[in-house]
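# An overview of the molecular structure
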Amino acid sequence: MSRKRALITGITGQDGAYLSHLLVEKGYEVHGLLRRSASADVVNSRLRWIGVADKVTLHDGNLVDQASIIRVLQIAKPSEIYNLAAQSFVKSSWQQPSLTGTVTGLGATHMLEALRTVCPEARFYQASSSEMFGTVQEPVQSETTPFYPRSPYAAAKLYAHWMTINYRESYGLHASCGILFNHESPLRGIEFVTRKISDGVARIKLGLQETLALGNLDAKRDWGHARDYVKVMWLMLQQDKPDDYVAATGRTASVREFCELAFAHVGLRAGDHVVVDQRFLRPAEVDVLLGDASKARDKLGWEAETSLEQLVAEMVDADLARLRTHEHL
Ligand code: NAP
Ligand code: G4F
């Protein structure tokens, strides 16, 4: 039997690396869309870290260039497409709202149109986000909770979300949206708060810096591990019928609590090192997110497996190891 073929956009990001690893383990032929960078030596650093850089095929292309997507689909001939590419940093979306709308929003339409033209039988996963709940309309958010986006990023994701549903209903595509709550890992970008904290804690522990400057310490998130969350993406595309699912842990914690856990892991106190810097505040904030993933549990048999304590420990340990060996990621 021929191997299943998957195309991942955003393959060089956090989730792209974990999903590649999962699919390679499952015997897939994995292809990825790679946007050209002047720093070509670091573009696949996450794929190298996770051990799959030489097991995936990368294709030059960009979500804003529809012709490049069509060409990559013609070459890769995927039966499953995971659209993970995005300008994914919420704070930057106020600085670059048009770019965010073009990549994160319109990029999904480019993918859907290309799929419809080249390989309409392929199954499609859209990386939707809990950020779409924004100013939450219910204390616990599920697939039926109304959305209230609070950033250009969230508005762009909401457009992509509804376009995916619209294409499913209009053209009968096997297209599904995963409304994923925050998920982190040692491969998280350094600008996101959890990795900024784990890296900062490791630096303070090793005597490389004294303080950690953060923004809103009271914001609360439902934080899981990316390794667990890529499994739900794959499970969604194995179902006979496309559908939308929330993935979350069902536990929320504040940025302050995340700091306390991370500093305690190395025998330090967050209160001795964390300072608030107004530069890291946002024009509008999502105060609290807490997800209900019971639909994914009941229909897909999926549950988050990693506790917040385990996640924090793994991230801090990875940053300590990196700094000790002068590895950059
Ligand atoms: P990430 O680490 O920021 O990765 C984003 C990926 O998109 C990178 O590979 C990036 O390439 C690529 N990309 C950006 N602009 C592109 C363009 N114009 N053309 C092609 N590729 C482009 O994000 P992540 O944490 O893995 O998240 C994956 C997806 O899930 C994103 O869509 C994100 O918005 C969404 N999401 C994430 C979370 C979370 O908590 N992590 C939660 C819900 C939804 P470069 O490497 O070249 O920058
Ligand atoms: O780590 P963050 O930047 O992630 P955010 O904004 O929740 O977005 C992430 O999760 C979304 C899912 O809900 C994804 F769709 C999105 O792509 C991304 O992966 O910030 C988390 C919280 C915010 O409330 C922020 O204001 O941490 C607060 N925070 C406090 N100090 C900080 C900082 N965030 C960052 N990045 N840096 C700080 O110094």
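Just so you know, these numbers come straight off a predicted model, no measurement behind them. (Residues numbered from 1 in each chain as written. Chains lettered and ligands numbered in written order. Predicted model: local features only at pLDDT ≥ 70, side-chain atom pairs only at ≥ 80, totals over all residues. Heavy atoms only, no water.)

Among the 23 residues in the neighbourhood of ligand 2, the closest are listed as Ser-129, Ser-130, Tyr-153, Arg-282 and Glu-285. Within the backbone of Gly-215, an N or O atom sits 2.8 Å from a nitrogen atom of ligand 2. Look at ligand 2: alone it shows 710 Å² of surface, and the protein chains cover 95% of it. There are two domains that each give the shell around ligand 2 at least three residues, and those are domain 1 (5-183 + 223-247) and domain 2 (188-221 + 252-288 + 306-325). (Near = heavy atom within 4 Å. Polar contact = N/O pair within 3.5 Å; in protein donor to acceptor, adjacent residues only side chain to side chain. Areas by Shrake-Rupley, 256 points an atom, 1.4 Å probe, with all protein chains shown as cover. Domains from an automatic or database assignment.)

Turning our attention to the layout of surface pockets. In this structure, the second largest pocket spans a volume of roughly 160 Å³. When contributions to the lining of the second largest pocket are tallied by element, the ones reaching two or more residues are helix 7 (193-205) and helix 11 (308-324). For the lining of the second largest pocket, a count of residues per class yields three nonpolar, two polar and six charged. (1 Å grid on protein atoms, 1.4 Å probe; cavity = no way out; pocket = protein on both sides within 12 Å on 5 of 7 lines; lining within 4 Å. Points joined across faces, edges and corners; volume = space filled by probe spheres on them. Helix = DSSP H or I, 4+ residues; strand = E, 2+ residues; numbered from the N terminus. Nonpolar A, V, L, I, M, F, W, Y, C, P; charged D, E, K, R; others polar.)

Time to look at helix 8 (residues 226-237). Compared with an ideal rise of 1.5 Å per residue, which puts twelve residues at 16 Å, helix 8 spans 17 Å between its outermost C-alpha atoms and is within 8% of the ideal. Along helix 8, ten of the twelve residues are buried, which leaves the element largely enclosed by surrounding structure. Among all positions in helix 8, only Ala-226, Asp-228, Tyr-229, Val-230, Val-232, Met-233, Trp-234, Leu-235, Met-236 and Leu-237 are buried. (Expected span 1.5 Å × (residues − 1). Buried < 20%, exposed > 50% of the residue type's maximum accessible area, 1.4 Å probe, protein only.)

Side chains Glu-80 and Tyr-82 of strand 4 (residues 80-83) all project onto a buried face; the interleaved residues Ile-81 and Asn-83 project onto the opposite face, where all are buried too. By the bridge criterion, four bridges tie strand 1 (residues 5-9) to strand 4 in an arrangement that is parallel. Paired with Leu-7 across the strands is Ile-81, a residue of strand 4. The pairing of strand 4 with strand 5 (residues 123-129) spans four bridges and is parallel. Within the sheet, the bridge partner assigned to Ile-81 lies in strand 5 and is Phe-124. (Pairing = 2+ DSSP bridges.)

Here we come to the environment of Gly-271. Tracing the backbone shows Gly-271 in the loop between helix 9 (255-265) and strand 13 (274-276). Classification of Gly-271 as exposed rests on a relative accessible area of 67%. Distance from Gly-271 to Cys-259, taken between C-alpha atoms, is 9.0 Å for residues twelve residues apart in sequence.

Let us look at the domain arrangement of the protein. Along its sequence, the protein is organised into domain 1 (5-183 + 223-247) and domain 2 (188-221 + 252-288 + 306-325). On a C-alpha basis, the centroid separation for the pair domain 1 and domain 2 is 26 Å. Listed by partner, the interface residues are 20 residues for domain 1 and 25 residues for domain 2. Between domain 1 and domain 2, a total of about 2,100 Å² is buried, with carbon and sulfur atoms accounting for 56% of that surface. A per-residue breakdown of the area domain 1 buries against domain 2 is headed by Phe-89, Lys-91 and Trp-223, which together make up 37% of the total. A salt bridge links Glu-314 to Arg-227; its shortest N-O distance comes to 3.2 Å. Applying the counting rule to domain 1 against domain 2 returns seven residue pairs in polar contact (both at pLDDT 80 or more). Mapped onto the side of domain 1 that touches domain 2, the elements with two or more residues apiece are helix 1 (14-25), helix 2 (45-50), strand 10 (224-225) and helix 8. Here the residues of the side of domain 1 that touches domain 2 sort into seven nonpolar, seven polar and six charged. (Contact = heavy atoms within 4.5 Å. Buried area = accessible area lost by both parts, 1.4 Å probe. Salt bridge = Lys/Arg side-chain N within 4 Å of Asp/Glu carboxyl O.)

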